[in-house]
Amino acid sequence: MARHRRTLYWGLAATVWCSVAASVVPYWSGRAVNALERSDWHGSRVFLAWMLTFTAAAGLGRYLMRNTLIGLSREVEREQRESLYSFLLARPFAFYERQRVGDLMSRVGDDVGTVRMATGPGLMSFLQVLSILPVTLGLMFHTSWRLTLAVMFPFCFLALGFYIIGKWSHMVQQKLQLAFSALTTFSHETISGERVVQAFGLEEARVAQFGALSRRHAMLSMKQSVIFSAYAPLSALIGGASALVLVAYGGSLVVKGVLTLGDLTAFTGFLVALAWPMMSLGWSANLFQRAKAGQERLDQLLQSPEPSLPPAVAISLPEVPAALELEAVTHRFETGRGLGPLDLALAPGDSLAVVGGIGSGKTLLLQVLAGLREPHSGRMLVDGEPLSDQTLRRHWAGLGWVPQDAFLFSDTLRMNLAMGRPDATEEEIWEIARVVAMDDLIRRLPEGLDTVVGERGVILSGGERQRTALARALLRRPRLLLLDDALSAVDAETESRILENLRGFLGTATLVLATHRVFVAETCARVLVLEEGRTIQVGDPESLAAQPGLFARLKRLQSLERELVRGT
Ligand SMILES: Nc1ncnc2c1ncn2[C@@H]1O[C@H](COP(=O)(O)OP(=O)(O)OP(=O)(O)O)[C@@H](O)[C@H]1O
Ligand SMILES: [Mg+2]
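A. A look at the overall build of the protein chain. A count of helices and strands for the protein chain gives 19 helices and 10 strands. With the principal axes as the frame, the protein chain shows a C-alpha extent of 120 × 50 × 45 Å.

B. Spotlight on the sheet that holds strand β2 (residues 338–346). Strands sit in the order β2-β1-β4-β5 across an open sheet of four strands; the sheet is antiparallel. Across the chains shown, the open sheet's two edge strands, defined by having one partner strand only, are β2 and β5 (385–386). Pairing analysis gives two bridges linking strand β4 (residues 377–382) to β5, with the strands arranged antiparallel. Counterpart to Val-382 in the pairing with β5 is Glu-385.

C. Examining the pairing of strand β1 (residues 324–332) more closely. Pairing analysis gives six bridges linking β1 to β2, with the strands arranged antiparallel. Bridging from a neighbouring strand, Arg-332 pairs with Gly-338 of β2. Remark: five residues form the turn of the hairpin made by β1 and β2, two consecutive strands paired antiparallel; Gly-336 in that turn has positive phi of roughly 90°. The pairing of β1 with β4 spans five bridges and is antiparallel. Its bridge partner lying in β4, Leu-324 is registered against Val-382.

D. Broad picture of the packing of helix α5 (residues 145–192) against helix α8 (residues 231–255). As a packed pair, α5 and α8 sit with axes 8 Å apart at the nearest point and diverge in direction by 170°. Comparing their axes, α8 and α5 come out roughly antiparallel. On α8, the residues touching Leu-147, Ala-150, Val-151, Pro-154, Phe-155, Phe-157, Leu-158, Gly-161 and Ile-165 of α5 are Tyr-231, Leu-234, Ser-235, Ile-238, Ala-241, Ser-242, Val-245, Leu-246, Tyr-249, Gly-250 and Leu-253.

E. Inspection of the site of ligand 1 at higher detail. Residues in close proximity to ligand 1 total 15 residues, the closest being Phe-333, Gly-359, Lys-362, Thr-363 and Leu-364. Of the residues forming the shell around ligand 1, the biggest block, three residues, is contributed by helix α10 (residues 362–369). Residues belonging to the shell around ligand 1 are distributed by class as follows: three nonpolar, eight polar and four charged.

F. Region of the structure containing the domain arrangement of the protein chain. Per the domain assignment, the segments of the protein chain are domain 1 (2–302) and domain 2 (324–567). Of note, the centres of domain 1 and domain 2, computed from C-alpha atoms alone, are 57 Å apart.

G. Region of the structure containing the nonpolar core. Ala-353, Val-354, Ala-471, Leu-482 and Val-527 are the most contacted members of the largest nonpolar core, which totals 68 residues. When residues no more than four places from it in sequence are discounted, the contact partners of Leu-482 are Leu-366, Leu-369, Ala-370, Trp-401, Val-402 and Val-512. Core analysis: the second largest hydrophobic core is formed by 45 residues, Val-24, Val-151, Leu-281 and Phe-288 among them.

H. Quick peek at the sheet that holds strand β8 (residues 510–515). Read from one edge of the open sheet, six strands run β6-β7-β8-β3-β9-β10, paired in mixed fashion. Edge strands, defined here as strands with exactly one partner in the open sheet, are β6 (399–402) and β10 (534–539). Between one strand axis and the next, the sheet turns through 15° on average, direction left out of account. Pairing geometry for β6 and strand β7 (residues 480–484), over four bridges, is parallel. If you follow Trp-401 over to β7, its bridge partner there is Leu-482. Across the face of the sheet, α10 comes into contact with β3 (351–356), β7, β8 and β9 (526–531) while running at roughly 160° to β8. Running at roughly 175° to β6, helix α15 (residues 462–474) makes contact with β6 and β7 of the sheet.

I. Structural detail: unusual backbone geometry. Unlike most non-glycine residues, Ala-328 shows phi in positive territory, near 45°. The residue Ala-328 is located in strand β1 in this model. The phi angle at Asp-383 is positive, at roughly 50°, despite the residue not being glycine. Its place among the elements puts Asp-383 in the loop between β4 and β5.

J. How the structure looks around the pairing of β7. Burial runs high along β7: five of the five residues are buried. On β7, burial covers both faces: Leu-480, Leu-482 and Asp-484 on one face and Leu-481 and Leu-483 on the other are all buried. For β7 and β8, the ladder comprises five bridges, and the chain directions are parallel. Note on β8: the bridge partner recorded for Leu-480 is Thr-510.

K. Highlighting the packing of helix α2 (residues 41–89) against helix α4 (residues 101–143). For the pair α2 and α4, the least separation of the axes is 9 Å and the interaxial angle reads 155°. Classified by the angle between their axes, α2 and α4 sit roughly antiparallel to one another. For the crossing formed where α2 meets α4, the hand is right-handed. For the pair α2 and α4, contact is made by Met-65, Leu-69, Ile-70, Ser-73, Val-76, Glu-77, Gln-80, Arg-81, Leu-84, Tyr-85 and Leu-88 and by Leu-104, Val-108, Val-112, Val-115, Arg-116, Thr-119, Gly-120, Pro-121, Leu-123 and Met-124, respectively.

Conventions used here
Residues numbered from 1 in each chain as written. Chains lettered and ligands numbered in written order. Predicted model: local features only at pLDDT ≥ 70, side-chain atom pairs only at ≥ 80, totals over all residues. Helix = DSSP H or I, 4+ residues; strand = E, 2+ residues; numbered from the N terminus. Pairing = 2+ DSSP bridges. Axes fitted to C-alpha atoms, helices over the stretch in contact; angles between N-to-C directions. Parallel < 35°, antiparallel > 145°, perpendicular 65-115°, else oblique. Contact = placed C-beta atoms within 7 Å. Near = placed C-beta within 6 Å. Nonpolar A, V, L, I, M, F, W, Y, C, P; charged D, E, K, R; others polar. Domains from an automatic or database assignment. Core = buried A, V, L, I, M, F, W, Y, C linked by C-beta atoms within 7 Å. Buried ≥ 20, exposed ≤ 12 C-beta atoms within 10 Å, placed from the backbone. Left-handed = near helix turned anticlockwise from the far one by under 90°.

What follows is the structure in structure tokens.
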């Protein structure tokens, strides 16, 4: 910040220098004309030399001013964008459930840009006006206070006009920014879901919806342009009125001998010098209005009610697997659906399968256990301690989480696998590939581990993506592994093989897996059956299979299914 302040002071100094030098130029031109009137050739040449010197000084000042102030605004923009990005990455799960990606993109891109325009070009013009006005007005008053008051009178209307237009444009600007964000949100969603759009023949409808949003954006942009275009004629009109006063009233003062011809020439120069800053005042006022609207939207984002996540720090993990405990934990949404109240205890090295129908709360339970969702009531203990800013990062450092929708980054397979363990060796990566039964696949890929998997891993099949996500978690050698239906897209035979390998590889790590398949649940020591977010059965798989209930029913159905498949 101190560095910026220094640059700002330099920029300020250059602006004042440039403006003062530029304002003094008409003064010397007036004196040169006066000297010419007296036929003082030598004097007029000296004055013209001064005029040239100040013009050159103004040019140099303008160059320095632009360099420092525009450079500063770019630097501020970069910092603002980066801090916004860090802010977004420190938001918890709940924040992203309220936000739309397109809207966030428009804030990080467009709104930060409007703030830059104000801190750079806007501030520069404003400072120029501030420094040109007193010098020029001082010299004008010094030359003739009567003529100054007369020509400045119309300028007051300019300020009033700009104020009114500015207010109006601010209102339109706010709507315009919302319209732009709606447009980006809609197009982002359509492009992400482009396959669904095409397969369902929704192109026309989506194009029509996009057209409506785009028309609204264009309409508001045009309205804004109409408002903007009022600035120039207003300035020209008022500049013209001032010129008229100058010629009529100033001319009469010259005729009366109160004013010299040189003074009148100087006045013409002063008015020309004032015209541009006055016009840019309107422009910069508008930039400030836009920036205000942009900053308001950024502030709304920055004032998210959720506290920031604790910063990532280097952590030394306990050697033993994680122990987890849930005490009357609930996580229910406004719809009433969700999880809990639920009690659960997992000793280090335990394995638990979570079974239940669609929407029974399996994913939510795993997200709570992962520390990604905070319980709305009750609490979770990890290694006997409640989750807090200190313990959350330790919990995550030892966590291997495989979400239900395997998300991959558009990078190489190697990078996707090793992202949780950047120091992993080639052998380790291949070992993991064998555990998740994808070593054959990697060998078949044209560039092996260095194959780029495309956005979200498009070049891989669902099952391949799932296995990559599983390998990514395993490579961290977690002390707690959470698998959320992590192999649902893999055939039963491969799944059995992977589960077998997994046990050998994981050693004693604590394991919780959510699944729809009974034979997968049977690989765990304990099974928890969920319905509507509550536990309806819990116990070892043999005793649950022997009791009447959902688990036994599922087992019967799935055994029948398997027999049928084997029979065919
Ligand atoms: N962000 C959310 N906002 C509102 N309701 C939600 C949200 N996430 C989940 N739910 C609701 O919570 C319930 C449990 O969801 P959850 O994803 O845990 O189900 P699940 O058991 O994992 O289902 P599946 O077998 O389909 O994966 C569902 O009824 C779902 O509609
Ligand atoms: Mg789920």
